[in-house]
Amino acid sequence: MSVAVKPRASGFEQIKYEKKGTVALLTLNRPERLNAWTPQMMEELAAAIEDANDDNAIGAIVMTGEGRGFCAGADIEGTFKTRLDGKDPGNDTVSGSGGVPATVDWIKLTRTAKPLIAAVNGPAVGIGVTMILPFDMIVVSEEAKMGVVFVKMGIVPELASSHFLIHRVGWGKASEMMLSGKIYSAKEAHEMKLADYIAPADGLLDKAFELGELVGANPSRQVRWTKELLTQNASETDLKLVQKRETDRLHECWATPEHKEAVAAFMEKRPPKFR
């Protein structure tokens, strides 16, 4: 793997936050627990994404896992057992969505952020899958495995996954995944369109960074407005409203420096400079 990254000062305990050129890299960093999810991890991820959003040098964000796992789902002892013992495992997870701290609106954050690309390097189950479903692209290592196993824990899915999974794989396959709790290979995940790309283990981050640099080269304002339109219009049946949303944003685009730069670059036969 040839991607070199430079750490950013963060003070995070359960993730690492680094950057290379125009791409930020978030790494779930609990390898001794296969990066099992905690409410603290979610808050740290949210803070890092918000920082990347505010960094004009960053065009896209890649998320992966440290060690041999991506995310083995929620930390059973640290979340479910703690809650059953009568203690909130995080920052008001009862008021939050799907057990997430009330301080984090994960779906709004991911769908309004700069482009997010998941680089799934190993096992991803439960929230290890559902938290990346609203990402813009998912790349899996040939060694990855993925499963939506909530029913086997006596609970139901969260983080709007019963919406996003249907969009990714269709009604029948989403039903199979969620009702069976089956674990799928990387090849199966790719074939069912749960994963957009599959890559050799040693080329996973290279592929994720390639995609990040591809989309990150575009103007962030217009990229994020396009994500907003995809989010709003994906299930919209009122096509007049769809067109109105697009036209309203188009009118805003006409007045932006990015649009003026793109036109000038075309006329001058040079690449546009958005950063």
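Structure shown above.
Bear in mind that the values here come from a model prediction, so they are computed numbers and not experimental data. (Residues numbered from 1 in each chain as written. Predicted model: local features only at pLDDT ≥ 70, side-chain atom pairs only at ≥ 80, totals over all residues. Heavy atoms only, no water.)

Colleague: Give a detailed account of the nonpolar core, specifying residues and quantitative values.
Modeller: Nonpolar side chains in soluble globular proteins generally cluster together in the buried interior. In terms of nonpolar packing, the biggest core is built from 53 residues, with W106, M131 and I132 touching the most fellow members. With 7 residues, helix α1 (residues 39-54) is the largest single contributor of residues to this core. Listed in part, the 15 residues of the second largest apolar core include L25, M137, V139 and A199. (Core = buried A, V, L, I, M, F, W, Y, C linked by side-chain atoms within 4.5 Å. Buried < 20%, exposed > 50% of the residue type's maximum accessible area, 1.4 Å probe, protein only. Helix = DSSP H or I, 4+ residues; strand = E, 2+ residues; numbered from the N terminus.)

Colleague: Got a sec to walk through the packing of helix α5 (residues 161-169) against helix α6 (residues 171-180)? Specific residues and values, please.
Modeller: Axis separation between α5 and α6 bottoms out at 7 Å; the angle between their running directions is 130°. With respect to their mutual orientation, α5 and α6 come out oblique. With respect to the hand of their crossing, α5 and α6 are arranged in right-handed fashion. Between α5 and α6, the residues in contact are S161, S162, L165, I166 and V169 and W171, K173, A174, M177 and M178, respectively. Counted by class, the contact of α5 with α6 contains 7 nonpolar, 2 polar and 1 charged residues. (Axes fitted to C-alpha atoms, helices over the stretch in contact; angles between N-to-C directions. Parallel < 35°, antiparallel > 145°, perpendicular 65-115°, else oblique. Left-handed = near helix turned anticlockwise from the far one by under 90°. Contact = heavy atoms within 4.5 Å. Nonpolar A, V, L, I, M, F, W, Y, C, P; charged D, E, K, R; others polar.)

Colleague: Which residues make up the packing of aromatic side chains, and what values do they have?
Modeller: Under the definition given, this model contains 2 aromatic pairs. Considering the side-chain rings of F12 and Y17, the 6.4 Å spacing of their centres and the 50° angle between planes classify their relative orientation as tilted. The exposure class of F12 is partly exposed, given its relative accessible area of 22%. The exposure class of Y17 is buried, given its relative accessible area of 5%. (Phe/Tyr/Trp six-rings, centres within 6.5 Å; stacked < 30°, edge-to-face > 60°.)

Colleague: Describe the layout of surface pockets, and please don't skip the residues or the numbers.
Modeller: If you add up the space inside the largest pocket, you get close to 480 Å³. Along the wall of the largest pocket there are 21 residues; nearest its centre are R111, P134, F135, D136 and L230. Of all the secondary structure elements, the ones that give two or more residues to the lining of the largest pocket are α5 and α9 (220-233). Here the element with the most residues in the lining of the largest pocket is α9; it accounts for 6 residues. Residue composition of the lining of the largest pocket, by class: 10 nonpolar, 7 polar and 4 charged. One number sums up the size of the second largest pocket: a volume of about 340 Å³. Lining the second largest pocket are 20 residues, and of these A74, F80, F150, I155 and E158 lie nearest its centre. Ranked by residue count, the leading element in the lining of the second largest pocket is helix α2 (residues 77-84), at 3 residues. Among the residues making up the lining of the second largest pocket, the classes are represented as 13 nonpolar, 5 polar and 2 charged. (1 Å grid on protein atoms, 1.4 Å probe; cavity = no way out; pocket = protein on both sides within 12 Å on 5 of 7 lines; lining within 4 Å. Points joined across faces, edges and corners; volume = space filled by probe spheres on them.)

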